[in-house]
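Examination of the molecular architecture
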Amino acid sequence: MAHKYHLLAMFLGTFANYVVALWPIPRSISTGTVPLKLSSAFTIHLQAEFSDPPSDLLSAISRARSRLSSDRFERLVIGRGATDAQAIQSAHVLTSLNLALLPGSPIRSIAEESTRAIDTKSESYELSVPNDLAVATLTANSTLGLLRGLTTFEQLWYDYKGTKYMLNGPVQITDNPAFPYRGFSFDTSRNFYPVSDVLRTLDAMSWVKLSILYWHIIDSQSFPLDVEAFPELAEKGAYSTDEVYTREDIKQIIQYANERGIDVVMEMDSPGHTTAISAAHPEHIACAAKSPWSKYASEPPAGQLRIASPSTLSFARAMFDSVAATLPGTMMSSGGDEVNLPCWEEDEQTMADLAARNISIADALNEFVQTVQGVITDHGKVPFIKSDMVLTHNVPVVNDTVVVVWQTSEDAAAVAERGLRFIHQPSNYFYLDCGAGDWLGDNILGNSWCDPFKTWQRAYSFDPYANLTAAQHGLVLGGQMPIWSEQSSPENLDPIVWPRLAAGAEVFWTGASLPDGSSHPNETSGTRALARLNELRYRFVDRGVNAIALQPKWCALRPGECDLDS
């Protein structure tokens with residue numbers, strides 16, 4: 001990461017009259033001032049070493065060609081594309097893009113590259129777009145790197161009356177992510193999202209080079225996952241038969257994600273947040289729907305697994321085993337947040353099991369976590385766990401466990417002190433659902449627990465290395481922004497997630513600072529990050545993702561004029 005970076009003048013502080021709408025910003029980029037345009041017969045070629053190219057690489061090339069043809073995003077400037085008509089007319093013509101792997105690089109499918117161990121993936125690439133030749137080149141040492149480079153290439157171009165052009169050739173980019181884990185945590189349990197919504201979200205994630213879908217698929221309110229060993233869980237625990245992710249749905253979604261450079265970390269949250277299991281197996285759930293819920297759970301309905309019961313342990317082991325066997329990736333989460341002690345302390349069966357086995361709740365909790373995480377490791381996967389299980393309950397975990405730091409960013413240092421790898425998901429920076437008011441009834445003045453609303457600028461200001469020593473930096477795998485779906489559903493999915501999620505994508509692609517050395521908090525002006533994010537938002541809308549506006553269009557067309565100190 002100690003490279004020498006070259007950037008456009010706009011990135012160094014003086015705003016040019018156009019913006020290179022790249023998001024996330026490449027680690028190294030140099031540009032000129034020569035207009036270029038794509039030939040009407042523009043094509044993308046694979047070099048000779050691809051005698052039998054992976055099918056998902058061919059599909060990625062096909063999607064890139066299609067978007068380069070169908071995108072209609074015009075440059076955000078007064079007059080839009082018409083402003084550039086004269087420059088377009090005399091622009092140098094680019095006829096093709098050549099893709100090549102570096103000598104000695106293995107030829108694997110994008111899906112295979114995407115599901116490799118998190119610290120072994122290669123996403124680096126080099127992109128050269130000349131102003132005096134007809135052919136651009138994209139090189140990488142993996143098909144995943146080629147995919148990331150294609151994504152960047154697509155973002156270089158504006159449209160005017162069907163012609164794709166840029167104003168700043170030649171372009172030379174050398175790029176790679178600061179962190180391998182760049183994620184979106186998606187709660188599809190509290191409210192159900194059809195497969196089409198999940199796929200559209202995966203497409204948008206790939207456009208900003210996110211690498212992980214952390215899938216929170218079950219919770220207290222519903223159990224929409226079809227588990228082969230226990231089909232009754234979804235049959236009785238889902239909202240309806242139409243609101244279930246079948247095994248074929250799961251397979252389709254994971255394959256779709258993997259082909260777009262995204263691995264899937266499925267979270268089977270436990271032992272808390274499991275009330276929905278009681279619809280099919282009440283014998284395994286303590287304090288199911290007990291009132292008042294606020295005494296026994298973080299939100300209604302109350303209920304969590306009877307961790308001291310040998311039969312419940314066997315059930316949990318079999319459930320995790322059945323699900324883990326269907327997941328091709330190398331990671332899986334057992335969740336573990338917000339367990340409630342009174343739920344167990346007032347449950348007669350739990351107390352009887354504890355007494356019979358002469359163990360405490362702490363002993364039973366440790367045993368439960370070791371059991372389910374043991375299943376995960378037995379399937380060759382790295383286990384994930386929520387930070388309160390480690391910091392509040394002091395549950396021992398295996399050495400390669402990844403901790404999800406979620407309650408506050410301040411907890412990262414405490415996890416690092418234990419020598420555990422972790423990802424950032426702090427509620428005080430990243431929660432996309434905060435600030436919408438309380439969703440509980442009979443609470444006129446209620447606010448969400450994680451108020452205020454987390455703006456894109458708040459997320460963008462996050463420093464992944466804050467409060468950590470240099471020796472602890474290697475414990476940070478990256479981070480993710482979550483959407484918890486108490487007040488989200490298919491109707492508002494796109495605008496509540498996009499384009500704010502892109503802020504986290506850039507934080508974990510570029511690292512603690514931007515390539516020129518400046519920090520993220522100093523880059524949120526309308527002539528810098530905001531200008532690029534506005535362009536990304538308009539490009540998303542053009543592609544059918546209903547990302548919410550960040551500013552009035554008047555401001556978007558006049559970068560910088562709506563800054564606080566303008």
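Residues numbered from 1 in each chain as written. Predicted model: local features only at pLDDT ≥ 70, side-chain atom pairs only at ≥ 80, totals over all residues. Heavy atoms only, no water.

What follows covers the nonpolar core. Counting residues in each nonpolar core, the largest one holds 113 residues, and the members touching the most others are Leu202, Phe223, Leu225, Tyr245, Met268, Phe422 and Trp498. If you tally residues by element for this core, the top one is helix H13 (residues 361-378), at eight residues. For Phe422, the residues in contact, after removing those within four places along its chain, are Val402, Val403, Val405, Ala412, Val415, Ala416, Leu468, Leu475, Val476, Leu477 and Gly478. One finds Leu68, Val129, Ala140 and Leu150 within the second-largest nonpolar core, a separate group that totals 34 residues. (Core = buried A, V, L, I, M, F, W, Y, C linked by side-chain atoms within 4.5 Å. Buried < 20%, exposed > 50% of the residue type's maximum accessible area, 1.4 Å probe, protein only. Helix = DSSP H or I, 4+ residues; strand = E, 2+ residues; numbered from the N terminus. Contact = heavy atoms within 4.5 Å.)

Helical periodicity: at 3.6 residues per turn, an α-helix aligns residues three or four positions apart in one direction. Between its first and last C-alpha atoms helix H6 (residues 195-207) spans 19 Å; for 13 residues at 1.5 Å apiece the expected length is 18 Å, and the two agree. Burial within H6 is extensive, with eleven of its 13 residues counted as buried. A positive phi of about 65° marks Lys209, the residue just after H6. (Expected span 1.5 Å × (residues − 1).)

A word on the packing of aromatic side chains. The description of an aromatic ring pair uses the distance of the two centres, along with the angle that the planes make with each other. Inspection of every chain in the model, using the stated rule, returns 24 aromatic pairs. Ring geometry for Tyr431 versus Trp484: centroids 6.2 Å apart, planes at 55°, classification tilted. Of this pair, Tyr431 sits in the loop between helix H16 (427-430) and helix H17 (456-460) while Trp484 sits in the loop between strand E16 (476-483) and helix H18 (493-497); the two residues are 53 residues apart in sequence, bridging distant segments of the chain. Among the residues examined, Tyr431 registers a relative accessible area of 2% and is labelled buried. Connected via pairs of aromatic rings, a cluster forms that spans Phe179, Tyr429, Phe430, Phe462, Tyr465 and Phe508. Cation over ring: Arg543 sits above Trp207, and NZ or CZ is 4.8 Å from the ring centre. (Phe/Tyr/Trp six-rings, centres within 6.5 Å; stacked < 30°, edge-to-face > 60°. Lys NZ or Arg CZ within 6 Å of the ring centre and 35° of its normal.)

The full count for this structure, using the stated rule, is three disulfides. A disulfide bridge connects Cys287 with Cys343, and the sulfur atoms are separated by 1.9 Å. Disulfide Cys287 to Cys343: torsion about the S-S bond roughly -95°, handedness left-handed. In this pair, Cys287 is assigned in the loop between strand E10 (285-286) and helix H9 (293-296) and Cys343 in helix H11 (residues 341-345), connecting sequence segments 56 residues apart. Summarising the burial analysis for this pair, Cys287 and Cys343 share the class buried. Shown here is the disulfide that connects Cys434 with Cys450, its sulfur atoms set 2.0 Å apart. In this structure, the disulfide formed by Cys434 and Cys450 twists by about -110° around the S-S bond and is classed as left-handed. With Cys434 in the loop between H16 and H17 and Cys450 in the loop between H16 and H17, the pair connects residues that are 16 residues apart, well separated along the chain. Among the residues examined, Cys434 registers a relative accessible area of 1% and is labelled buried. By relative accessible area, Cys450 is classed as buried at 4%. (Disulfide = S-S within 2.5 Å.)

As a further point, take the packing of helix H10 (residues 310-324) against H13. Viewed as axis vectors pointing N to C, H10 and H13 meet at an angle of 25°, and their least axial separation amounts to 9 Å. One finds that H10 runs roughly parallel with respect to H13. As H10 runs across H13, the sense of the crossing is right-handed. Here Leu313, Ala316, Arg317, Phe320 and Asp321 of H10 come into contact with H13, specifically with Glu367, Phe368, Thr371, Val372, Val375 and Ile376. (Axes fitted to C-alpha atoms, helices over the stretch in contact; angles between N-to-C directions. Parallel < 35°, antiparallel > 145°, perpendicular 65-115°, else oblique. Left-handed = near helix turned anticlockwise from the far one by under 90°.)

Turning next to the pairing of strand E15 (residues 421-424). Neither face of E15 is exposed, since Arg421 and Ile423 on one face and Phe422 and His424 on the opposite face are all buried. Inspection of the sheet shows strand E14 (residues 402-405) paired to E15 by four bridges, in the parallel sense. Looking across to E15, one finds that Val404 is bridged to Ile423. Since E14 and E15 lie parallel, the crossover through helix H15 (residues 411-417) that links them has a hand, and here it is right-handed. Here three bridges tie E15 to E16, and the two strands are oriented parallel to one another. Paired with Phe422 across the bridge in E16 is Val476. (Pairing = 2+ DSSP bridges. Right-handed = clockwise from strand over helix to strand, strands pointing away.)

Further remarks concern the pattern of salt bridges. Working definition: two side chains of opposite charge can pair if their charged atoms are close together. Enumeration over the complete set of coordinates arrives at 31 salt bridges. Among the salt bridges present, the one from Glu113 reaches Arg116, with a minimum N-O distance of 3.8 Å. What makes Glu113 buried here is its relative accessible area of 2%. Here Arg116 falls in the partly exposed class, since its relative accessible area comes to 26%. One salt bridge connects Glu123 with Arg148, and the closest N-O pair in it is separated by 2.8 Å. Of the two residues, Glu123 sits in the loop between helix H4 (110-114) and strand E3 (125-129) while Arg148 sits in helix H5 (residues 143-155), which places them 25 residues apart along the sequence. The exposure class of Glu123 is buried, given its relative accessible area of 5%. (Salt bridge = Lys/Arg side-chain N within 4 Å of Asp/Glu carboxyl O.)

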